[in-house]
Amino acid sequence: MMNKSGQRIDFHSHILHRMDDGSLTPEMSLDMLREQMRQGVDHIVLTPHFYASSDYPEHFLTKRRQRLEELTANLTPGMPVLIPGAEVQYFDGITAMEELPQMRIGRSRCLLIEMPFLPWTGRMLDDILELTHRGQYRIILAHIERYLSYGNEPALRKLADSGVLMQANSASFQGIFRSRKMLRLLDDGLIHLLGSDCHNTAARPPNLETACSFIEKKRGADVLQNIMNRGLHLLNETTE
Ligand SMILES: [Fe+2]
């Protein structure tokens, strides 16, 4: 993947059909891709939910491969580059999961983790730090804005100081108070990547444009492009 200016990458999406609560059909996935193109998105990380409590890694990975093949067969020229990954829900025991490396995004070291929606315990933080220190992962926490109301901001800062990357959802840049809070996090260096977390074409459609235009307007095109370039750089940082 070339890293030329003006590229846009969506780091969090549920576009693969019949994987989770995201897209229902290949047709809906294609509609979502067309909408992404309209918003100038040229790279999309596919991050279906993986829940260790209700799925087996092998089953998930096989299904993901099949769904991606089905979708790829229907792509038309000029559609975004699709990179398979997962949104792995944190669980007690995640550090011992054998198949965890296979949940990384594309051929990179990036691993997107969804943290619990409650105040994080020391054990949770230790697990994330342990994975980070292994060197085989670039840990990215999904939609960080959703953990703040549980008093987790100090923990986020601690993790970011240790090299954990933070992904924010585009929708959080809507609304006066929420967007102000997000700008503060951005200014504090706590937002490294952006995602739409799109699930469908209706209630949770592709919306990366929301965050892109807001950040561009408030902080300038360079700040936005730095975020996009970071995403592309991370994907190019392969494990070999
Ligand atoms: Fe998600």
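Residues numbered from 1 in each chain as written. Predicted model: local features only at pLDDT ≥ 70, side-chain atom pairs only at ≥ 80, totals over all residues. Heavy atoms only, no water.

Caption draft 1: How the structure looks around the packing of aromatic side chains. Across all of its chains, the model carries four aromatic pairs by this definition. Taking the centre distance of 5.3 Å and the plane angle of 70 degrees together, the rings of Phe50 and Phe60 count as edge-to-face. Of the two residues, Phe50 sits in strand 3 (residues 49-50) while Phe60 sits in helix 2 (residues 57-72), which places them 10 residues apart along the sequence. Comparing Phe50 with Phe60, the two get one shared label, buried. By the ring-pair criterion, three or more aromatic residues cluster together here, those being Phe117, Trp120 and Tyr147. (Phe/Tyr/Trp six-rings, centres within 6.5 Å; stacked < 30°, edge-to-face > 60°. Helix = DSSP H or I, 4+ residues; strand = E, 2+ residues; numbered from the N terminus. Buried < 20%, exposed > 50% of the residue type's maximum accessible area, 1.4 Å probe, protein only.)

Caption draft 2: Structural context of helix 2. Compared with the 22 Å implied by 1.5 Å per residue over 16 residues, the 22 Å span of helix 2 between its first and last C-alpha is a close match. Looking at the buried residues of helix 2, the elements they touch are helix 1 (26-38), strand 2 (43-46), strand 3 and strand 4 (81-84). (Expected span 1.5 Å × (residues − 1). Contact = heavy atoms within 4.5 Å.)

Caption draft 3: Spotlight on the sheet that holds strand 6 (residues 110-114). Judged by pairing direction, the sheet is parallel, and its six strands sit side by side in the order 3-5-6-7-8-9 without closing on themselves. Edge positions in the sheet fall to strand 3 and strand 9 (193-195), since each of these pairs with one other strand and no more. For strand 7 (residues 138-141) and strand 8 (residues 165-169), the ladder comprises two bridges, and the chain directions are parallel. Of the residues in strand 8, the one forming a bridge with Leu141 is Met166. The strands touched by helix 3 (residues 122-134) within the sheet are strand 6 and strand 7, with strand 7 carrying the most contacts at an inclination of about 145 degrees. (Pairing = 2+ DSSP bridges. Axes fitted to C-alpha atoms, helices over the stretch in contact; angles between N-to-C directions.)

Caption draft 4: Spatial organisation of the side chain of Asp127. Here Asp127 lies in helix 3. Since its relative accessible area comes to 5%, Asp127 is described here as buried. Excluding anything up to four places from it in sequence, Asp127 contacts Tyr90, Ile94 and Thr95.

Caption draft 5: Examining the sheet that holds strand 4 more closely. Taken together, three strands build an open sheet; the order of strands is 1-2-4 and the sheet is parallel. Of all strands in the sheet, those with a lone pairing partner are strand 1 (9-10) and strand 4, marking the two edges. In this structure, strand 2 lies alongside strand 4, joined through four bridges in parallel fashion. Paired with His43 across the strands is Val81, a residue of strand 4.

Caption draft 6: Spotlight on the pairing of strand 6. Counting buried positions over the five residues of strand 6 gives five, a clear majority of the element. Here strand 6 shows two buried faces, one formed by Cys110, Leu112 and Glu114 and the other by Leu111 and Ile113. Direction of pairing for strand 5 (residues 87-89) relative to strand 6: parallel, over a ladder of three bridges. Its bridge partner lying in strand 6, Val88 is registered against Ile113. Sheet topology places strand 6 next to strand 7; four bridges connect them, and they run parallel. Bridge pairing links Ile113 to Leu141 in strand 7. Crossover handedness for the path strand 6 to helix 3 to strand 7: right-handed. (Right-handed = clockwise from strand over helix to strand, strands pointing away.)

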